[in-house]
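Understanding the architecture of this molecule
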Amino acid sequence: MEKRWKEGIQPVATPTVAELEAAKRRIQYKEGLLHFAVAGVAGGGKSSLINAFRGLRSREAGAAAVGVTETTRMFGRYTDPNPQNPLVWYDIPGAGTLKIPDWQYFNFQGLYVFDCIIVLFDNRFTMTDIAILSNCARFNIPAYIVRSKADQHIRNIMRDMGYDSDNENNNPGLRDRLYREARRHFIDETRKNVRSNLEDANLPDSRVYIVAIDTLLSIVKGEAPRKAIDEIELLRDTINEALRRRRMVSEAFTSS
C-alpha cells in the first residue's frame, strides 16, 4: 500500500465492522455525546485549541499538555466542563511524526469513528490536511478547517512591514494602520490558499476559521473579545453541531 501511495495512487482502506467497534471502544465512544477530534500536522497547536474550547489555560489542572515539540503520542480525551455542551474533545497525535506516516494518518488514528473533525493548521495547508478532508467526505464526517496562531502571524507581517514593537516612539496611528493592513493580508492570503488547495484536490470550497487562542479563550470565558476574527463563529458552529446531533439522537430514541 505504501508503494502505491508513493507512486501517486492513494490507497483506500475501509475499516471492518470489528475495526469500527474496536476504535469506538478505544476512544470510549458514548451515544448522546459529540466526539470532536482535533487533528493535523505536529506543532499546529491542537492541545492549545482544545484547552481554549474548554475554557482552560495550558497550565491549569485538567488541561491538555502543550509543548514546542510534539507532546501528543497517545490521544488525549477531555470532556467539556460545561454540562450544556455534550462534547468530548480528543487531542490526536500529530501527523508527520516518526510514528505516524502521513499516508496512513487517518486510518491509523481511527478518525472514521469521530462525529466531527477539526483540521488544524498553522503555517501551511498541507497534503496531510487534504487527505484528512478527503476521508471526512468519504465517511460523511463534518469537518472544520481552522488556522491557528492568527495573532502571531499578524505580528510577523507587521514586522515585515517595518513595525518595531520594541520602539517606544512608535506612532499609535501607524501601529493601528499597519495592524489593519497586516490583518487583512493574512486573512485574504489564508482563504485564497485554502480555496486553491481544495480546488486542486477536487474538494468543495469550505470555510476556513482563522483564530487566535487567547481570543477564543476569552470568548469561552464570557469576556469581551479583543480583535476577534472567526473565533465567535467557530464556537457557535461547533456548539450548534453538537446540539443538532443531540436532537437527532433524542428524536431517534423517542421514535424507536
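The paragraphs below set out a description of the structure included in this document.

For L56, the position within the fold is in the loop between α3 (46–53) and β2 (76–79). Under the relative-accessibility criterion, L56 is labelled buried at 14%. L56 sits 164 residues away from V220 along the chain, and the two C-alpha atoms are 9.2 Å apart. Those residues in contact with L56 that lie beyond four places of it in its chain are N51, A61, G62, A63 and L217.

Turning our eyes to something else, we now look at the nonpolar core. Grouped together as the largest cluster of nonpolar side chains are 29 residues, with contacts concentrated most on L111, F114 and I117. Top element by residues in this core is helix α5 (residues 127–138). It accounts for four residues. Those residues in contact with F114 that lie beyond four places of it in its chain are I27, H35, F36, A37, Y90, I92 and I141. The next biggest cluster of nonpolar side chains, apart from the first, holds 26 residues, and it includes A64, L87, Y209 and I239.

Another point: the pairing of strand β1 (residues 34–39). Burial analysis of β1 places six of its six residues in the buried class, the great majority of the element. In β1, alternate side chains face the same way, and those of L34, F36 and V38 on one face and H35, A37 and A39 on the other are all buried. Examined bridge by bridge, β1 and strand β3 (residues 87–91) share five bridges and lie parallel to one another. Bridge pairing in β3 links H35 to V88.

Phi is positive for Q28, close to 60°, though the residue is something other than glycine. Given a relative accessible area of 47%, Q28 falls into the partly exposed group. One non-glycine residue, N202, lies in the positive phi region at around 60°.

Conventions we followed
The residue count restarts for each chain, going from 1 along the sequence in the order it is written. Restriction of local features to residues with pLDDT of at least 70 applies here, the model being predicted, together with a cutoff of 80 or more for giving and counting side-chain atom pairs; totals for whole chains, interfaces and linings are based on all residues. Heavy atoms throughout the structure, all of them, feed into the side-chain values; hydrogens and water do not. Per the convention used, a helix needs a DSSP run of H or I reaching at least four residues, while a strand needs a run of E reaching at least two, with both numbered from the N terminus. Each residue gets one of three labels from its accessible area relative to the maximum for its type: buried under 20%, exposed over 50%, partly exposed in between, using a 1.4 Å probe on protein chains only. When checking whether two residues touch, look at their non-hydrogen atoms; a contact exists if any pair is within 4.5 Å. Here, the term nonpolar core denotes a set of buried Ala, Val, Leu, Ile, Met, Phe, Trp, Tyr and Cys residues that are joined through side-chain atoms within 4.5 Å. Two strands are said to pair when DSSP picks up at least two bridges between them.

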